[in-house]
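A closer look at the structure
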Amino acid sequence: MKTIAIIPARGGSKRLPQKNIKILGEIPLLAHSILYAQANKEIIDEIYVSTEDNEIKKIALEFGAKVIDRPENISGDTEPTVSALRNALEQINEPVENVVLLQATNPLRPQSLLNEAFAYYQKEKCNSLFTVSRNHQKFGKIADNKFIPYNYEIGQRSQDLEPLFFENGLLYITKAALILDNIIISENAFPFEINHIFAEVDIDTQEDFDYAEYLLSKNKNI
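Read on for an overview of the structure. (Residues numbered from 1 in each chain as written. Predicted model: local features only at pLDDT ≥ 70, side-chain atom pairs only at ≥ 80, totals over all residues. Heavy atoms only, no water.)

Here we look at the overall build of the protein chain
To be explicit about the condition: For the purposes of this entry, the term helix denotes a DSSP run of H or I that reaches at least four residues, the term strand denotes a run of E that reaches at least two, and both are numbered from the N terminus. This radius of gyration counts C-alpha atoms alone. The globule rule is 2.2 Å times how many residues there are, raised to the power 0.38. We call two residues in contact when some of their heavy atoms are within 4.5 Å. For every accessible area listed, the method is Shrake-Rupley and the probe measures 1.4 Å; residues are considered covered only by the protein chains on display.
Check the secondary structure of the protein chain and you find 6 helices and 11 strands. Rg of the C-alpha trace for the protein chain: 18 Å, near the compact-globule value of 17 Å for 222 residues, within the 12% margin. Overall, the C-alpha framework of the protein chain stretches about 60 × 40 × 40 Å when taken along its three principal axes. Sequence separation of at least 24 residues holds for 72% of the intrachain contacts in the protein chain that already meet a minimum separation of 6. Carbon and sulfur atoms make up 47% of the accessible area of the protein chain, which totals about 12,100 Å².

See the structure below:
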């Protein structure tokens with residue numbers, strides 16, 4: 001049974017209009033994830049872009065992906081990603097075992113990441129896996145104009161913080177059966193740790209985009 005990549009890419013974006021087709025390093029933002037999937041063809045059998053936008057469809061086809069027409073009713077900015085994934089699977093007329101979710105807004109990934117993550121996913125017989133990175137910041141909340149530390153004590157050194165991790169969005173691998181049940185990250189999903197500067201890139205604003213451009217120019221061979 002197949003392992004496929006699905007790249008959800010909506011046309012609407014409020015904070016950074018048309019971000020998925022914005023040029024990053026001479027190619028559209030969306031194309032980075034398509035090319036990454038193509039570079040892992042020993043794992044990924046087919047690449048699909050789910051979208052409702054005609055310009056995104058054109059770019060997806062130009063770069064060699066197949067297009068899944070996403071209905072308008074699941075293309076809003078409040079719609080969960082799993083809706084697009086489930087809809088894509090429902091339109092594919094052949095058995096799929098694994099889905100690799102590549103978010104267009106996370107265009108920069110270490111070249112070896114998918115190979116390493118998928119090898120672990122298979123070896124440990126995971127039903128879902130997602131990438132995480134360690135946090136090195138001191139967090140707290142403000143209540144009644146008072147700062148209350150969350151993950152440290154005042155005066156504690158950063159290197160002595162209790163390890164906390166964040167979902168970085170670089171990569172998700174999930175059984176297709178789970179997605180059809182509206183699940184991407186299962187309760188026993190494996191958190192695959194990747195501590196890399198690319199994990200800091202998740203494009204939602206112009207500032208995010210500018211940072212991605214800077215990192216891409218400095219790390220072209222990673």
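What follows picks up the thread again.
Focus on helix H1 (residues 29-38)
Under the convention used in this document: Residue burial is assigned from relative accessible area. The probe radius is 1.4 Å, only protein chains are included, and a residue is buried under 20% of its type maximum, exposed over 50%, and partly exposed in between.
The buried count for H1 comes to 8 of 10 residues, which makes it a mostly enclosed element. All of the buried residues in H1 are Leu29, Leu30, Ala31, His32, Ser33, Ile34, Tyr36 and Ala37.

Section: the sheet that holds strand E11 (residues 190-193)
To keep it simple, the criterion reads: The pairing criterion for strands is at least two bridges between them, as found by DSSP. Note on geometry: axes are C-alpha line fits, over the in-contact stretch for helices, and angles between N-to-C directions span 0 to 180 degrees.
Spatially, E5-E4-E1-E6-E10-E7-E11 is the arrangement adopted by the 7 strands of the open sheet, whose pairing is mixed. Where the open sheet ends on each side, the last strands, each with one partner, are strand E5 (66-69) and E11. Adjacent strand axes in the sheet meet at a mean angle of 35°, parallel and antiparallel pairs treated alike. Across 5 bridges, strand E1 (residues 2-8) lies against strand E6 (residues 96-101) in parallel orientation. Paired with Ile6 across the two strands is Leu101, which belongs to E6. Those strands touched by H1 are E1 and strand E4 (46-51), and its axis lies near 160° from that of E4. Packed on one face of the sheet, helix H4 (residues 113-123) meets E1, E6, strand E7 (128-135), strand E10 (164-175) and E11 and runs near 70° to E10.

Observations regarding unusual backbone geometry
Positive phi, close to 55°, is recorded for Lys125, a residue that is not glycine. Mapped onto the elements of the fold, Lys125 is located in the loop between H4 and E7.

Points about helix H6 (residues 206-218)
Under the convention used in this document: One less than the number of residues in a helix, times 1.5 Å, gives the span that helix is expected to have. The reported arc concerns the directions from the helix axis to the C-beta atoms and nothing else.
The end-to-end C-alpha distance of H6 is 19 Å, a good match for the 18 Å that 13 residues give at a rise of 1.5 Å each. The complete set of buried residues in H6 reads Phe209, Ala212, Leu215 and Leu216. An end-on view of H6 places all buried positions within 125° of arc, on one side of the element. Opposite the buried face of H6, by more than 90 degrees, sit the exposed residues Glu207 and Lys218. If you follow the buried residues of H6, they end up packed against strand E2 (23-24) and H1.

Brief notes about the packing of aromatic side chains
For the record, the criterion: Stacked, tilted and edge-to-face pairs are distinguished by plane angle, under 30 degrees for stacked and over 60 for edge-to-face with tilted covering the rest, among Phe, Tyr and Trp rings (Trp via its six-membered ring) whose centres lie within 6.5 Å. The criterion is that NZ of a Lys, or CZ of an Arg, lies within 6 Å of the ring centre and within 35 degrees of the ring normal, and then a charge sits over that ring.
For the coordinates displayed, the defined rule picks out 3 aromatic pairs. One aromatic cluster is present, built from ring pairs that chain together Tyr120, Phe190 and Phe192. The ring of Phe209 carries the charged tip of Lys22 above its face, separated from the ring centre by 5.1 Å. Its end group placed over the ring of Tyr36, Arg109 keeps NZ or CZ at 5.5 Å from the ring centre.

Side note on the nonpolar core
Applicable threshold: Among buried residues, the Ala, Val, Leu, Ile, Met, Phe, Trp, Tyr and Cys ones that are joined through side-chain atoms within 4.5 Å form a nonpolar core.
If you look at the biggest cluster of nonpolar residues, it comprises 35 residues, and the most contacted ones within it are Leu30, Val49, Leu114, Leu171 and Ile173. If you list the elements that add at least two residues to this core, you get E1, H1, E4, helix H2 (54-62), H4 and E10. In contact with Leu30, other than residues within four places in its own chain, are Ile7, Ala9, Asn20, Val49, Ile56, Ile59, Ala60 and Ala104. Counting 19 residues, the second largest nonpolar core, distinct from the first, contains Val82, Phe130, Ala176 and Ala189.

Notes on the pattern of salt bridges
Our working definition: Put simply, a salt bridge is a Lys or Arg side-chain nitrogen that is within 4 Å of an Asp or Glu carboxyl oxygen.
Scanning the entire structure with this criterion turns up 9 salt bridges. For Glu94, the salt bridge goes to Lys2, with nearest N and O atoms at 3.2 Å. Of this pair, Glu94 sits in the loop between helix H3 (81-91) and E6 while Lys2 is found in strand E1, placing the two residues 92 residues apart along the sequence. Residue Glu94 is classed as partly exposed on the basis of its relative accessible area of 34%. Salt bridges sharing partners connect three or more residues here, namely Lys2, Glu46, Lys66 and Glu94.

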